[in-house]
Structures are given as structure tokens and as C-alpha cells.
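Given next are the chains, with one letter for each unit.
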Amino acid sequence: MDLFTAIKERRSCRSFLSDPIEEATLGKIIEAGTWAPSPMNAQPWEFIVVTSPEMKEKVYAEAERCRQWALRTSGWSWLDKYQIEFLKDVPTFIAVIGDPKKSGVDMFLEDGSVGYQYACAAAAQNMMLAAQALGLGSLWFTLFDRKKMGEVLGVIPEKKVLSIVCLGKPSGAVAPVGRKPAAEKTTFLK
Ligand SMILES: Cc1cc2nc3c(=O)[nH]c(=O)nc-3n(C[C@H](O)[C@H](O)[C@H](O)COP(=O)(O)O)c2cc1C
């Protein structure tokens, strides 16, 4: 699939078939993640690939706890309708773990280490585009407490769970989501 087609056709998928992802396909997706740019090529990511039903259940439980907390705290009514059972049905997800020590000069600046998060975001997007090109749906999931999710996944406290990338065959059509025209978001300084 052409890159521009993959970019335009990728949409967040929140309902998956349980069909397992072939090892070779998963390997290509993960390798695409590793080709992301990073500060000083520090490659601050690690990937935890989850297929075990027991671990999916634990991840779901932590995300659900966070969803309930967010519902109470924010008062956002849409959170009540937003169900996350797909975390149990999705055949595979990849937790993207970032190392704040592997950042750029930002480490020494007032706002602190952020470059590692950008790099891990680029890796997540690479994996989602690769999944799209290989005929899979994906979702970038972040509705969890990073510290608590780190404990669930056995990540040392110095490293952060930045996102969970869900991957699988979509169950049915994925809802189209539009974008504002690029011209509305762009300024040319000539
Ligand atoms: C940093 C980030 C965090 C996100 N977290 C969630 C999430 O926790 N749950 C979810 O369902 N979607 C999440 N998304 C997906 C967005 O909701 C989605 O990308 C957006 O609505 C646009 O839809 P599209 O991806 O189909 O174009 C996240 C996306 C990003 C980039």
C-alpha cells in the first residue's frame, strides 16, 4: 500500500476480531517502530507485546479503573458511553515504554525530558501505519495511569508506559473521522 493511502485510510479502530496476528506480520510492525527518529538516535523505546488473556484482563482492569476515575473527575458524559472491553478482545497490543534518560538536550532545560516521548510517539505512529499497510486496524490508547500501568506490565519506575497500541483485524467498518483542511492549519512565511 502506498504511504499516502495508509496515512489517509488509517482510522482509530475500537472493535477487533480475535484472529491472531501472524508472527511475521507482527515482526514487520515492530521493526517499523524501530525506524522512527529519536534524539541523538537514542532509541528510547521498548515494546512489550501482549497476547496473554490474563495480562489483557489486568490491563483492561487498570484502564477501566482509570476510566471510572476520569468520569468522576472530569464529568465528561461521553466517558460513560466509551466502553473499553476491546482491550480484552484485541488479539495483540504493544505497550510502548519510554526511557526519560534517553532524550535530547531538553533533559537539561526547564520543561525537562520530552524528546523521548516524541520519539516514542513517532514509533507508535510508524507501527500503526505499518499495520494499516498490512491490512490491520489499530488504536493508540492512553486511558490509564502511567505509574499503575507500569506496575501491571512489570516496568521499572524509571521508565514510562507512554501508549498502548492495539492491533488486529477490524470487526466491521471503522467510523470515518474528518479533518480540518490543511490550509486552515498552515501559515507560509515566504
Ligand atoms: C496521544 C493520543 C492518545 C490517544 N488516546 C486514546 C485513548 O485513550 N482511547 C481512544 O479510544 N483513542 C485514543 N486516541 C485516538 C484518538 O481519539 C483519534 O486518533 C482521534 O479521535 C482521531 O481519529 P482517527 O485516529 O480515527 O483519525 C489517542 C490518540 C493520540 C494521538
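For the structure itself, look to the data block above.
Colleague: For this particular structure, what's the right way to read the packing of aromatic side chains?
Modeller: Each aromatic ring pair is described using two quantities: the centre-to-centre distance and the angle formed by the ring planes. Considering all chains together, one arrives at five aromatic pairs under this definition. Considering the side-chain rings of W76 and W78, the 5.9 Å spacing of their centres and the 20° angle between planes classify their relative orientation as stacked. Here the aromatic cluster, defined as three or more aromatic residues joined through ring pairs, consists of W76, W78, Y82, F86, F141 and F144. Here the basic side chain of K88 rests over the ring of Y60, its NZ or CZ set 4.1 Å away from the ring centre. Positioned over the ring face of F188 is K190, at 5.6 Å from the centre of the ring.

Colleague: How do you make sense of the nonpolar core when you look at a structure like this?
Modeller: Nonpolar side chains in soluble globular proteins generally cluster together in the buried interior. Ranked by internal contacts, the top residues of the largest apolar core, which has 27 residues, are F86, F141, I164 and C166. Here this core gets five residues from one element, more than from any other, and that element is helix α3 (residues 53–74). Setting aside anything within four residues of it in sequence, one finds F86 in contact with R14, F16, L139, F141 and C166.

Colleague: I would appreciate a short explanation of the site of the ligand in the present structure.
Modeller: The immediate surroundings of the ligand are formed by R10, R11, S12, R14, Y82, L139, W140, F141, T142, L143, V177 and R179. With respect to the ligand, the side chain of R10 contributes an N or O atom lying 2.9 Å from an oxygen atom. Here an oxygen atom of the ligand and a side-chain polar atom of S12 are 2.6 Å apart. In isolation the ligand offers 620 Å² of accessible surface; the protein chains occlude 65% of this area.

Thresholds applied
Residues numbered from 1 in each chain as written. Predicted model: local features only at pLDDT ≥ 70, side-chain atom pairs only at ≥ 80, totals over all residues. Heavy atoms only, no water. Phe/Tyr/Trp six-rings, centres within 6.5 Å; stacked < 30°, edge-to-face > 60°. Lys NZ or Arg CZ within 6 Å of the ring centre and 35° of its normal. Core = buried A, V, L, I, M, F, W, Y, C linked by side-chain atoms within 4.5 Å. Buried < 20%, exposed > 50% of the residue type's maximum accessible area, 1.4 Å probe, protein only. Helix = DSSP H or I, 4+ residues; strand = E, 2+ residues; numbered from the N terminus. Contact = heavy atoms within 4.5 Å. Near = heavy atom within 4 Å. Polar contact = N/O pair within 3.5 Å; in protein donor to acceptor, adjacent residues only side chain to side chain. Areas by Shrake-Rupley, 256 points an atom, 1.4 Å probe, with all protein chains shown as cover.

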